[in-house]
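Reading the structure
Listed here are the chains, written in short residue letters.
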Amino acid sequence: MVLEVITNKIRETQEIRGIRIGVKEYKLKAYADDLVISLEEPIKGVDKVLELLEEFGKLSGFKLNKVKTKMLTKNLAEDLRNQLEQQTGIKVVKKVKYLGIWVTTKNINLVEDNYNRTWREIKKDFDSWSRLKLSWEGRMAAIKMSILPRLLFLFQNIPVIRGTTMFKEWQRTLSRFIWQGKRARIKFKLLTDRRERGGFSVPNLQLYYEASCWIKDWIVLEKLDLLDLEGFDARFGWHAYLWQDKERVHKGFSNHIVRGALLEVWNRTKRLLEKNTPWWLSPVNILTIKKLNMESQRWTYEDLLIKSDKGWRIRPYEELKDKLTGWLQFHQINALWNEHKKIGMNEKKSKYQVEILEGNSKLLSKMYNQLQWYPARRTPRKTENPQDERVFCFGGASQDEFPYGLASQDESP
């Protein structure tokens, strides 16, 4: 509450110019006692910021620690950076750690400075733990209790990993640690299976990453400030990118380091989560030509469709005219629905919509479970020789209930 006084004062001060996106201006972010201020013209605005902070410190007892405070500059000449340091007494650095995340002026460094750095530390831990003579189950428990939380923090805050190469390398490292460099006796898929299904609940890092890639905000369209930041150069409505593959038209959308990674995961999993046209899909948003600071209308198929003897159809215009701009938009929606109904429409809301989009608790674990147990994820790879496929069932489970084998003949001890 005390910090809110100074943050409001900074936002209200016209001499301090932040990042402008349309009519909105983003000057600062505050978390506890950590404050990040973004200045468009640092040479002109930084003195006013320091003046306000000094005045606030006299009244509240808080004081700016210039030794711990750091500055990042972008597109600023070296002589101006030196001037800025002398002017403020604050050091200009190439990277800074904020709330556990290493940030630089180049987004391309996020993977190296955070994921690769963390994984090098994890590999050192594996070397240390290998000398402790932990039990087989103890090593798996160590992964779940110590390794997973560190990676989940990165997954949820900077989802910037493209492709699956990194996860495959991580999986090999986990397997070497679990089996202490010896040949694996149990398939990795079985290790990551639930205990109630005969597995060992070893975290599947790729699935946890995919479960952490939130595109919920792109679907529900409620956090407008966030959407303006992430979609500052978007040309179409968010649902057009999610369902109509508009990133093929607007290639700049997927070139963004965060948007591109999120969209890649969504395209990899959307047919698992939504086999048919989803209730949450908004044809109004799909037809929208995006503009800055635009409040998107989100009339979804749940609002626009009605079930009849002949199946789903768009409600009559008289029922929708208060929601639409006119006849033209109504006919555009009908034309789009004629395209979408070829895919099919669910009789009820999907599990993804009920648990994730409309849920507010345990979203990560629910999403992980959904991705883990879809048939496309569970189908074992067929071999040319049927004798190479063996299935070991536990607790009376049938082969259909427990699709993974412990080991093929080539892998068996």
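Since we're looking at a predicted model, the values are computed, not measured. (Residues numbered from 1 in each chain as written. Predicted model: local features only at pLDDT ≥ 70, side-chain atom pairs only at ≥ 80, totals over all residues. Heavy atoms only, no water.)

Turning to the overall build of the chain, a few remarks are in order. Across its full length, the chain holds 20 helices and 10 strands. Partitioning the intrachain contacts of the chain with sequence separation of at least 6 by distance along the chain shows that 60% fall at a separation of at least 24. For the chain, the computed accessible surface area is about 23900 Å², with 51% contributed by carbon and sulfur atoms. (Helix = DSSP H or I, 4+ residues; strand = E, 2+ residues; numbered from the N terminus. Contact = heavy atoms within 4.5 Å. Areas by Shrake-Rupley, 256 points an atom, 1.4 Å probe, with all protein chains shown as cover.)

If you look at the biggest cluster of nonpolar residues, it comprises 82 residues, and the most contacted ones within it are Tyr115, Phe155, Trp170 and Tyr352. With nine residues, the single largest contributor to this core is helix α5 (residues 136-157). For this core, the domains that each give at least three residues are domain 2 (108-212) and domain 3 (223-357). When sequence neighbours within four positions are dropped, the list of residues in contact with phenylalanine 155 reads Tyr115, Ile161, Phe167, Trp170, Leu205, Tyr208, Tyr209 and Ser212. Counting residues in hydrophobic clusters, the runner-up holds eight residues, among them Ile6, Ile10, Val49 and Leu52. (Core = buried A, V, L, I, M, F, W, Y, C linked by side-chain atoms within 4.5 Å. Buried < 20%, exposed > 50% of the residue type's maximum accessible area, 1.4 Å probe, protein only. Domains from an automatic or database assignment.)

Using the criterion set out here, one finds three cavities of 30 Å³ or more in the structure. By volume, the largest cavity is sized at about 70 Å³. Residue lining of the largest cavity: Glu210, Cys213, Ile215, Leu262, Val265, Trp266, Thr269, Leu273, Tyr352 and Met367, and that is the complete set. It is helix α13 (residues 257-273) that contributes the most residues to the lining of the largest cavity, five residues altogether. Split by residue class, the lining of the largest cavity holds eight nonpolar, one polar and one charged. (1 Å grid on protein atoms, 1.4 Å probe; cavity = no way out; pocket = protein on both sides within 12 Å on 5 of 7 lines; lining within 4 Å. Points joined across faces, edges and corners; volume = space filled by probe spheres on them. Nonpolar A, V, L, I, M, F, W, Y, C, P; charged D, E, K, R; others polar.)

Here we come to the pattern of salt bridges. Summed over the entire model, instances satisfying the criterion amount to 23 salt bridges. Residues arginine 120 and glutamate 112 are paired through a salt bridge, measuring 3.2 Å at the closest nitrogen-oxygen approach. Note on arginine 120: relative accessible area 43%, which makes it partly exposed. The partner of aspartate 245 in a salt bridge is lysine 270, and the shortest N-O contact between them spans 3.5 Å. Residue aspartate 245 is found in the loop between α11 (238-243) and α12 (251-255), and its partner lysine 270 is found in helix α13; the two are separated by 25 residues along the sequence. Taken together, the shared-partner salt bridges in this structure form one network comprising Arg17, Glu40, Glu41 and Lys44. (Salt bridge = Lys/Arg side-chain N within 4 Å of Asp/Glu carboxyl O.)

Turning next to the packing of helix α8 (residues 205-212) against helix α19 (residues 363-372). At a closest axis distance of 9 Å, the pairing of α8 and α19 adopts a crossing angle of 125 degrees. Judged by the angle between their axes, α8 and α19 are oblique. Read as a crossing pair, α8 and α19 show a hand that is right-handed. For the pair α8 and α19, the contacting residues are Leu207, Tyr208, Glu210, Ala211 and Ser212 in the first and Leu364, Met367, Tyr368, Leu371 and Gln372 in the second. The residue makeup of the contact of α8 with α19, split by class, is seven nonpolar, two polar and one charged. (Axes fitted to C-alpha atoms, helices over the stretch in contact; angles between N-to-C directions. Parallel < 35°, antiparallel > 145°, perpendicular 65-115°, else oblique. Left-handed = near helix turned anticlockwise from the far one by under 90°.)

Across the interface, α5 lies against α8 with an axial gap of 9 Å and an inter-helix angle of 35 degrees. Relative to α8, α5 is oriented so that their crossing is right-handed. Residue-level contacts link Leu148, Leu151, Leu152, Phe155 and Gln156 of α5 to Leu205, Tyr208, Tyr209 and Ser212 of α8. Taken together, the residues of the contact of α5 with α8 sort by class into seven nonpolar, two polar and no charged.

Leaving glycine out, the prevailing phi sign among residues is negative, and the prevailing peptide bond configuration is trans. Look at leucine 99: it is not a glycine, yet its phi comes out positive at around 50 degrees. Here leucine 99 lies in the loop between β7 (95-98) and β8 (101-104). The phi dihedral of glutamine 180 is positive, around 55 degrees, even though this residue is not glycine. Mapped onto the elements of the fold, glutamine 180 is located in the loop between α6 (165-178) and α7 (188-191).

The next thing to look at is the pairing of strand β9 (residues 305-308). Bridge count between β9 and strand β10 (residues 311-314): four bridges; the pairing is antiparallel. Its bridge partner being in β10, isoleucine 306 is matched across the sheet by arginine 313. Counting the residues that bridge the hairpin from β9 to β10 gives two residues. (Pairing = 2+ DSSP bridges.)

Sheet topology places strand β3 (residues 28-31) next to strand β4 (residues 34-37); four bridges connect them, and they run antiparallel. Each bridged residue has a counterpart across the sheet, and for lysine 29 the counterpart in β4 is valine 36. Hairpin geometry of β3 and β4 is characterised by an intervening segment of two residues between the two adjacent antiparallel strands and by a positive phi of about 55 degrees at alanine 32.

Turning our eyes to something else, we now look at the confidence of the model for the chain. For the chain, mean pLDDT is 86; residues scoring 70 or higher make up 90% of the total. In the model, residues 378-413 has pLDDT below 50 throughout and makes 62 contacts with residues more than four positions away in sequence or in other chains. (pLDDT = per-residue confidence, 0-100.)

On to the packing of aromatic side chains, then. Each pair of aromatic rings is reported with the distance of its centres and the angle of its planes. The full count for this structure, using the stated rule, is 28 aromatic pairs. Ring plane angle 25 degrees and centroid distance 6.1 Å describe the contact between tyrosine 115 and phenylalanine 155, whose orientation is recorded as stacked. With a gap of 40 residues between them, tyrosine 115 in helix α4 (residues 110-130) and phenylalanine 155 in helix α5 connect regions that are remote in the sequence. Classification of tyrosine 115 as buried rests on a relative accessible area of 0%. Phenylalanine 155 gets classed as buried once you look at its relative accessible area, which sits at 0%. Every member of this aromatic cluster is reached through a ring pair, and the members are Tyr115, Trp119, Phe126, Trp129, Phe155, Phe167, Trp170, Phe177 and Tyr209. (Phe/Tyr/Trp six-rings, centres within 6.5 Å; stacked < 30°, edge-to-face > 60°.)

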